Amino acid sequence: MQKKDINWGELGFGYQVTDKRFVSNYKNGAWDEGCLTEDANIVLNECAGVFQYAQTCFEGLKAYTTEDGRIVCFRPDLNAARMADSARRLEMPVYPEDRFVENVVETVRANAAWVPPFGSGATLYIRPYMFGSNPVIGVAPADEYQFRIFVTPVGPYFKGGVKPITIRVSDFDRAAPHGTGHIKAGLNYAMSLHAIVDAHKKGFDENMYLDPGTRTKVEETGGANFIFITRDGKLVTPKSDSILPSITRRSIMYVAEHYLDMEVEHREVYFDEVKDFAECGLCGTAAVISPVGKIVDHGKEILFPSGMEDMGPVTRKLYETLTGIQMGHLEAPEGWIKEIC
Ligand code: PLP
Ligand code: COI
């Protein structure tokens, strides 16, 4: 198979149209079989539920080329399960989890020429999503839905790649107590757009959101969970009901404990403790593990000892182990790697 003629190393985190995408429709209480299509456009009624009341949720995962030339993806069953949780919370029909995984495989296979080669620094981002598609004018769930998966090759989420970033403590919240912060609803991201535009205008790469109830505890950023390393080498990750349960974060916790023999704490993290950590990073499918060098809280700076030049040493070990598993040169725990072709 001939790969596309792309300068893989230059890719940022952007969309480009690829050959095929998967579509399935839900009508009269059932999902149809679905199929791949070349049509990247969607035509919907002006009153579709997604346009009026934002009834939409999505997922994000990646496919990788391994050193020996296989194409694999990472823990798609967990994306399927999380999308089912999102759908239930948004009163949408659940897309069957086994079919989600099969359709991811089918979509990646149909776009194999777009999967970046091993060692290029790029990967194939996979975006499953669903939305209410029939007209809804009284506030109510739609009756009809569409589930789709498209793929697009991507480079690093943050411009500098693995250079440490600077984030600020946000005055805006992305989630409400007892709200939808724990699911991947489009509305959470709409909520965060003003905060991210404002952060960028002021020279910051991202926002650190605090817990919306007390504003004393660390939650997450707009698109990634936090990891912290203590001065004695423990991994600490924030726990809260309004944080998205990151698959990358759950995998890092496992890797830290079982591959690197580290102590792991998943617990509430008070913002007051942050100044005492040795290293900080963001983790997610798009972010992978992106080191944070500095956090600014209304003019007060926390500069981590790992500095602004390099990833901290423990963060680097976690990064190398996680990406080693994803790219197939370290043995993965049972069930983590799904072979595509
Ligand atoms: N938190 C938010 C708000 C996200 O959008 C994402 C991205 O999916 C994550 C965390 C990281 O989750 P995952 O590791 O499953 O990609
Ligand atoms: C992902 O990491 O898959 C996400 O959905 C985050 C998004 C901000 C790109």
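The shown structure was predicted, so the numbers you read here are calculated from the model rather than taken from an experiment. (Residues numbered from 1 in each chain as written. Chains lettered and ligands numbered in written order. Predicted model: local features only at pLDDT ≥ 70, side-chain atom pairs only at ≥ 80, totals over all residues. Heavy atoms only, no water.)

Participant: Please clarify how the overall build of the protein should be interpreted in this entry.
Facilitator: From N to C terminus, the protein includes 6 helices and 17 strands. Relative to its length of 341 residues, the protein is compact, with a C-alpha radius of gyration of 20 Å against a globular reference of 20 Å. Every one of the 341 residues in the protein was classed for burial, and the buried ones make up 55%. The contacts in the protein between residues at least 6 apart in sequence include a share of 71% that link residues at least 24 apart. Of the roughly 15,400 Å² of accessible surface on the protein, a fraction of 50% belongs to carbon and sulfur atoms. Each charge class in the protein can be summarised by its mean position, and for the 36 positive and 47 negative side chains these summaries are 3 Å apart. (Helix = DSSP H or I, 4+ residues; strand = E, 2+ residues; numbered from the N terminus. Rg over C-alpha atoms; globule rule 2.2 N^0.38 Å. Buried < 20%, exposed > 50% of the residue type's maximum accessible area, 1.4 Å probe, protein only. Contact = heavy atoms within 4.5 Å. Areas by Shrake-Rupley, 256 points an atom, 1.4 Å probe, with all protein chains shown as cover. Lys, Arg positive; Asp, Glu negative; His and termini not counted. Charge placed at Lys NZ, Arg CZ, Asp CG, Glu CD.)

Participant: Just to check I follow, could you spell out the pairing of strand S7 (residues 123-132) for this structure?
Facilitator: A regular strand carries its side chains on alternate faces of the sheet. Within S7, 9 of the 10 residues are buried, which leaves the element mostly enclosed by the surrounding structure. Both strand S4 (residues 56-58) and S7 contribute to a ladder of 3 bridges, which runs antiparallel. Bridged to Phe-58 within S7 is Tyr-129. Two elements, strand S5 (residues 61-65) and S7, share 3 bridges in a ladder whose sense is antiparallel. Across the sheet, Ala-63 pairs through a bridge with Leu-124, a residue of S7. Sheet topology note: the S7/strand S8 (residues 145-154) ladder contains 10 bridges and is antiparallel. By the bridge assignment, Tyr-125 is partnered in S8 with Thr-152. (Pairing = 2+ DSSP bridges.)

Participant: I tried to follow the side chain of Asn-225 on my own but got confused; where do I start?
Facilitator: By the element assignment, Asn-225 lies in strand S11 (residues 225-229). Judged by relative accessible area, which is 4%, Asn-225 ranks as buried. In terms of polar contacts, Asn-225 uses its side chain to reach the side chain of Glu-220, at 2.8 Å. Engagement of the side chain of Asn-225 in a polar contact is seen with the side chain of Arg-249, the distance being 3.2 Å. Excluding residues within four positions of it along the chain, Asn-225 makes contact with Glu-220, Ile-243, Leu-244, Pro-245, Ser-246, Arg-249, Gly-281, Leu-282 and Cys-283. (Polar contact = N/O pair within 3.5 Å; in protein donor to acceptor, adjacent residues only side chain to side chain.)

Participant: I keep staring at the nonpolar core and nothing clicks. Help me out?
Facilitator: It is characteristic of soluble globular proteins that their nonpolar side chains tend to be buried jointly. If you look at the biggest cluster of nonpolar residues, it comprises 38 residues, and the most contacted ones within it are Phe-100, Val-104, Val-108, Ile-126, Met-130 and Phe-147. A per-element tally of this core places helix H3 (residues 97-110) first, with 5 residues. Counting residues in hydrophobic clusters, the runner-up holds 22 residues, among them Phe-226, Phe-228, Ala-287 and Ile-295. (Core = buried A, V, L, I, M, F, W, Y, C linked by side-chain atoms within 4.5 Å.)

Participant: Is there a simple way to think about the packing of helix H5 (residues 247-258) against helix H6 (residues 313-326) in this case?
Facilitator: The geometry of a pair of packed helices is captured by two quantities: the angle between their axes and the separation between those axes. Close contact between H5 and H6 brings their axes to 10 Å; oriented N to C, the two are set at 110 degrees. The orientation of H5 with respect to H6, classified from their angle, is roughly perpendicular. Within the contact between the two elements, H5 uses Thr-248, Ser-251, Ile-252, Val-255 and Ala-256 and H6 uses Leu-318, Thr-321, Leu-322 and Ile-325. Looking at side-chain class alone, the contact of H5 with H6 contains 6 nonpolar, 3 polar and no charged residues. (Axes fitted to C-alpha atoms, helices over the stretch in contact; angles between N-to-C directions. Parallel < 35°, antiparallel > 145°, perpendicular 65-115°, else oblique. Nonpolar A, V, L, I, M, F, W, Y, C, P; charged D, E, K, R; others polar.)

Participant: What should I look at first to understand the pattern of salt bridges in this one?
Facilitator: Note that side chains of opposite charge can pair when their charged atoms are close. If you walk through the whole model with that rule in mind, you get 17 salt bridges. Residues Lys-163 and Glu-309 are paired through a salt bridge, measuring 2.6 Å at the closest nitrogen-oxygen approach. Residue Lys-163 is located in the loop between S8 and strand S9 (165-169), and its partner Glu-309 is located in the loop between strand S16 (300-303) and H6; the two are separated by 146 residues in the primary sequence. A relative accessible area of 55% places Glu-309 in the exposed class. With a shortest N-O distance of 3.0 Å, Lys-202 and Asp-198 are connected by a salt bridge. Each of Lys-234, Glu-265, Arg-267 and Glu-273 takes part in one network of salt bridges that share partners. (Salt bridge = Lys/Arg side-chain N within 4 Å of Asp/Glu carboxyl O.)

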